[in-house]
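# Chains, contacts and geometry: an overview
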Amino acid sequence: MKFDQPAGQNPIDQLKVIGKPTNRIDGKFKTTGTAPYAYERHDAAPDAAYGYVVGAGIAKGRITAMDLTAAKAAPGVLAIVTADTAGPLVKGDFNTAKLLGGPAIDHYHQAVALVVAETFEQARAAAALIRVDYARDKGRFDLDTALKTAPLKGDDDKAPPVHRVGDFEKAFAAAPIKLDALYETPDQSHAMMEPHASIASWAGDKLTLWTSNQMIAWGKGDVAKTLGIPKDDVRLISPYIGGGFGGKLFVRADAILAALGAKQAGRPVKVALQRPLMINNTTHRPATRQRIRLGAGEDGKLTAIAHESGSGDLPGGGPETAVSQTRLLYAGANRLTSMRLAVLDLPEGNAMRAPGEAPGLMALEVAMDEMAEKLNMDPVQFRIVNDTQVDPEKPGRKFSQRQLVECLRMGADKFGWSQRNAKPRSVRDGRWLVGMGVASGFRNNITMKSGARVGIDKKGMVTVATDMTDIGTGTYTIIAQTAAEVMGVPLEKVNVLLGDSSFPVAAGSGGQWGANSSTAGVYAACMKLREAVAQKLGFNSADVEFADGKVRSGNRSVPLAQAAGDAGLSAEDSIEFGDLAKKEQQSTFAGHFVEVGVDAYTGEIRIRRMLAVCAAGRILNPKSARSQVIGAMTMGVGAALMEELAIDKRFGFFVNHDLASYEVPVHADIPHQEVIFLEEVDPMSSPMKAKGVGELGLCGVGAAIANAIYNASGVRIREYPITLDKVIAGTAMVA
Ligand code: MOS
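Residues numbered from 1 in each chain as written. Predicted model: local features only at pLDDT ≥ 70, side-chain atom pairs only at ≥ 80, totals over all residues. Heavy atoms only, no water.

- The name given to the chain in an unreviewed UniProt entry is Xanthine dehydrogenase family protein molybdopterin-binding subunit, and the organism recorded there is Sphingomonas liriopis.

What follows is the structure, encoded as structure tokens:
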């Protein structure tokens, strides 16, 4: 089904099942331990041997010698994979560095060997006996140093490196009120619960990988490319995923090494990346250095907006696109945005939940708060004054839906914003200094081609099969809701099969495009199936009705089960998106409100209340959407207050490489959170008229917290994470 016209009235609009806060259909599996992690698929290959990954002990240089003698002789060892045994491996399309290093080493903890043994303990013990000698090169590990000579870099190879509208320099110079400030965000790790893990099994030339991956088709393609085998010989199975956040968009060393280990050992092999290896072996969100300049008139209208961001990555990598939202969020006639990309020899930087916007808004929305103060304007009002209903770079192009102002107004009302004292450090609750902060949330809506197969059997059971994934987001449930709505059956009559590359290729889980795109693909397949049913019954498909498990036309009514017959009926289709996204800008919006307490003596920061008001198209399931948003808000607390990969700049690695030392929020850190979804349907986005919220929920949260801390304590901190030492240092200046 081609989607190139705005969606009209369609079966989704019935809202009998869609739009209801349905419990997760996979909830019972999650809570009874029957939705296993990849490593726990004991049914997949009961005779699997265990692989243990050895990571490089240097960040850059070469392996000069590897002594495997002792490891090979160790008890239970079946095989040892190294670059020598594996032959030349090609780099996958989605990887920046090779997943098996040697002799050249590209980053610390790049895999250099896999030891396969009968038991996990034997593999681990033998791995410790491998002796690797290295010749260490000088690496580039300091972002600030590397940025001094770093070139400009566009979002992709086609985009110009600097986007300009009007004359920023002139307008900024002429502006009566100005801000010029620098902001820093650190390297961050996805730190998902389930580690990257795979079980590999070969049958002749055919490889099956039970793994944990967000994008099945990308993964299948890259496994084939890396191993130099035909795509048709690779099957990926990834039905349940214990978190990804972008860290599992691409296949990683566990999958490739399990496949190589299984080949070499002649039997299935399972590999999980050890937690202490994950942080340096896989990808992370790159640190940024952002300079923001804003110029406004006395009326509070922005006349000049510049946002320049610098980040680093391995050779061949990409920038953290932290300026993207600044091109679209506020009006202003004179604009400049650009990025610089430095070469670093740290582990690979890549997408992490809301790549670009998440760190970009942590800077921009603090700058907006600072500017509001300079203007002596309420920060909610300042944002409202600078709203735009058109793309500020291309004024002829409007937003398909844009309710930022409504998000901010509703949020201010529900949060009790009028109670805020604009004077910092003026509200006290015992030992706590109390403050409120606000930020706009923004994330683009991306659509991706997505396919599905839908069948009905003789019992009237509807089965959806697609290689779409559920990374904890609720995909199973919204896909079931979609099929139930379109086929006119209750939810219990829908069976959803996901995450298998033998199913039709779907959008996958990334960039908050999954919910809208994958359900639209299911919608397309269901509509095709309805036609097949109508045709089989000799019904005129124009006036056929699917409801209550029956198909009706005129005065004839046939149960779906009967229509399907003994052989059943099935149909496959995909949604393909035309150029509607070019005609109108599709984005999602939020207003984030936070109240914090800052301990007047110790600088300890506690979040007291949080509210997100979101406008993101039709909400397919308010319960799973809310879960996405509160999870993202929690991640925003981590980004604002805790998360930071500490770099050893001598040896080039992230020091805090486990969940004990890479801090993320726990339940005790998170107070009452509220989420409100504004009424919205977006006919430009898909037949579902939905968009995504999974990343929107994170976008702006960190800045709202930073702004609340400023309002509470009078200390403005522009370097994340905002920890108590920075509060104490700043307090000396203001108190
Ligand atoms: Mo997302 S960072 O595209 O999984």
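### Focus on the sheet that holds strand E5 (residues 104-105)
- The strand order across the open sheet formed by 3 strands is E5-E3-E7, and the pairing between neighbours is antiparallel. Every interior strand has two partners, whereas the edge strands, E5 and strand E7 (131-136), have only one.
- When strand E3 (residues 61-67) meets E5, the two strands line up antiparallel, connected through 2 bridges. Within E5, the residue paired with Gly-61 across the bridge is Ile-105. (Pairing = 2+ DSSP bridges. Helix = DSSP H or I, 4+ residues; strand = E, 2+ residues; numbered from the N terminus.)

### A few points about the pairing of strand E23 (residues 550-553)
- Along E23, the buried face is formed by Val-551 and Ser-553; none of Lys-550 and Arg-552, which line the opposite face, is buried.
- Bridging between strand E22 (residues 545-547) and E23 involves 3 bridges; their strand directions are antiparallel. For Glu-545, the partnering residue across the bridge sits in E23 and is Arg-552.
- In sequence, E22 turns back onto E23 through a hairpin of 2 residues, with Asp-548 there showing a positive phi of about 55 degrees.
- Taking the residues between adjacent antiparallel strands as the criterion, E23 and strand E24 (residues 556-559) are bridged by 2 residues, where Gly-554 takes a positive phi near 55 degrees. (Buried < 20%, exposed > 50% of the residue type's maximum accessible area, 1.4 Å probe, protein only.)

### A word on the environment of Glu-663
- Among the structural elements, Glu-663 can be located in the loop between strand E29 (653-654) and strand E30 (672-677).
- We classify Glu-663 as partly exposed; its relative accessible area is 48%.
- Note: C-alpha distance between Glu-663 and Met-1 (662 residues apart in sequence) is 45 Å.
- When near neighbours in sequence (up to four residues on either side) are disregarded, Glu-663 contacts Met-642 and Glu-643. (Contact = heavy atoms within 4.5 Å.)

### Regarding the packing of helix H17 (residues 622-641) against helix H18 (residues 701-713)
- Running from N to C, H17 and H18 point in directions that differ by 55 degrees, and their axes come no closer than 8 Å. On the basis of their axis angle, the class for H17 and H18 is oblique. When you trace H17 past H18, the crossing you get is right-handed. Where H17 approaches H18, its residues Met-633, Gly-636, Val-637, Ala-640 and Leu-641 are matched on the opposing element by Val-701, Gly-702, Ile-705 and Ile-709.
- Grouping the constituent residues of the contact of H17 with H18 by class yields 7 nonpolar, 2 polar and no charged. (Axes fitted to C-alpha atoms, helices over the stretch in contact; angles between N-to-C directions. Parallel < 35°, antiparallel > 145°, perpendicular 65-115°, else oblique. Left-handed = near helix turned anticlockwise from the far one by under 90°. Nonpolar A, V, L, I, M, F, W, Y, C, P; charged D, E, K, R; others polar.)

### Let's talk about the sheet that holds strand E14 (residues 288-296)
- If you walk across this open sheet you meet the 5 strands as E8-E16-E15-E14-E9, and the pairing is mixed. Where the open sheet ends on each side, the last strands, each with one partner, are strand E8 (162-165) and strand E9 (177-185). In this sheet, adjacent strand axes meet at a mean angle of 10 degrees when their direction is disregarded.
- Its contacts with the sheet place helix H10 (residues 357-375) against E9, E14 and strand E15 (302-313), and it is angled at close to 150 degrees to E9.

### Regarding the side chain of Thr-337
- One can find Thr-337 in strand E16 (residues 334-343).
- The contact partners of Thr-337, leaving out residues within four places of it in the chain, are Pro-161, Val-162, His-163, His-307, Val-323, Thr-326, Arg-327 and Glu-393.

### Comments concerning the nonpolar core
- One finds Leu-294, Val-596, Leu-641, Ile-705 and Ile-722 to be the most contacted residues of the largest nonpolar core, which totals 91 residues.
- If one sorts the elements of this core by residue count, H10 sits on top with 11 residues.
- Every residue in contact with Leu-294, bar those within four places of it in the chain, is listed here: Phe-172, Ile-177, Lys-178, Leu-179, Leu-302, Ala-304, Ile-305, Ala-367, Met-368 and Met-371.
- Within the second largest apolar cluster, 53 residues are counted, among which are Met-468, Leu-498, Tyr-523 and Val-544. (Core = buried A, V, L, I, M, F, W, Y, C linked by side-chain atoms within 4.5 Å.)

### Observations regarding the packing of helix H7 (residues 216-227) against helix H8 (residues 253-265)
- Taken N-terminus to C-terminus, the directions of H7 and H8 make an angle of 50 degrees; their axes are 11 Å apart at the nearest point. By the angle class used here, H7 and H8 are oblique. Considering the relative orientation of H7 and H8, their crossing is right-handed. Residues Val-223, Thr-226 and Leu-227 of H7 touch H8, and the partners they reach there are Ile-256, Ala-259 and Leu-260.
- Its residues assigned to classes, the contact of H7 with H8 comprises 5 nonpolar, 1 polar and no charged.

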